Amino acid sequence: MQRVKLLSDSGLSDGRRLFRAPDEGSSSLEFITAGLLLLVPLVYLVLVLSAVQGAALAAEGAARQAARVFVQAPTEAEGFARAQRALAFGLDDYGLGDAAVGMTITCVPQTTPCLHRLASVTVAITLQVDLPLVPAVLGLDRLARVPVNATATQHVSRFWSGD
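What counts as what
- Residues numbered from 1 in each chain as written.
- Predicted model: local features only at pLDDT ≥ 70, side-chain atom pairs only at ≥ 80, totals over all residues.
- Heavy atoms only, no water.
- Disulfide = S-S within 2.5 Å.
- Buried < 20%, exposed > 50% of the residue type's maximum accessible area, 1.4 Å probe, protein only.
- Salt bridge = Lys/Arg side-chain N within 4 Å of Asp/Glu carboxyl O.
- Helix = DSSP H or I, 4+ residues; strand = E, 2+ residues; numbered from the N terminus.
- Core = buried A, V, L, I, M, F, W, Y, C linked by side-chain atoms within 4.5 Å.
- Contact = heavy atoms within 4.5 Å.

Asker: Please clarify how the state of the cysteines should be interpreted in this entry.
Answerer: The bond known as a disulfide is covalent and runs between the sulfur atoms of two cysteines. Going through the model one piece at a time under the given rule, you end up with one disulfide. In this model Cys107 forms its disulfide with Cys114; the gap between the sulfur atoms is 1.3 Å. Its S-S torsion of approximately -90° makes the covalent link between Cys107 and Cys114 left-handed. For the pair shown, Cys107 and Cys114 are each scored as buried.

Take a look at the structure:
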């Protein structure tokens, strides 16, 4: 009489090996799935943060330069024109030339004309940053905007000769 061992390759005689599915190939599939689920939002977050940071740097630099050129202008009309050019140049430098932007210029003390000795000129810039990869379907591109604000203050020189 011959004895036959049914589970001779595993050494298990209670049948546990018979019902286990093989694991070959599932770890690479799990890695790809988990990697995509984590990598795609992370890449989008980096894109959004870089767009907002670039807009913040552009707005801050444009506000500072607009305030500088305004206080150095010989007249207020020339100051406003120079400030507009500085704003356009600063935004174009960061690739934001078509962004929705607003600029306000205030003077302290509030006198007319604004440019006189020791006056303070404050330039405030508000910029709407479009989030990347947002489609223009149903107005989502208008809803997915981040406001960025920047202000800069410059003083008119005590040696200013426009008075």
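Let us keep going from here.
Asker: When you look at the pattern of salt bridges in this model, what are you seeing that I'm missing?
Answerer: Two side chains with opposite charge may pair up if their charged atoms get near one another. Taken as a whole and assessed by the stated rule, the structure comprises four salt bridges. Among the ionic pairs, Arg82 bridges to Glu78, the shortest N-O distance being 3.1 Å. Within this pair, Arg82 and its partner Glu78 are both found in helix α2 (residues 76–93), separated by four residues, close to a single helical turn. Here Arg82 falls in the partly exposed class, since its relative accessible area comes to 28%. Looking at Glu78, the relative accessible area reads 29%, which means it is partly exposed. Between Glu78 and Arg85 there is a salt bridge, and its shortest N-O distance comes to 3.7 Å. One salt-bridge network, in which partners are shared between bridges, spans Glu78, Arg82 and Arg85.

Asker: In this structure, what is going on with the nonpolar core? I would like to understand it.
Answerer: Note that soluble globular proteins tend to have their nonpolar side chains buried in a common cluster. In terms of nonpolar packing, the biggest core is built from 22 residues, with Leu96, Met103, Ile125 and Leu127 touching the most fellow members. Taken together, the elements giving at least two residues each to this core come down to α1 (26–71), α2, β2 (120–130) and β3 (145–155). Ranked by the residues each element gives to this core, the list is headed by α1, at eight residues. Look past the residues within four positions of Ile125 in its chain and what remains in contact with it is Ala59, Ala62, Ala63, Leu87, Val101, Gly102, Met103, Val148, Asn149 and Ala150. Phe70, Cys107, Cys114 and Val121 belong to the second-largest nonpolar core, a separate cluster that totals nine residues.

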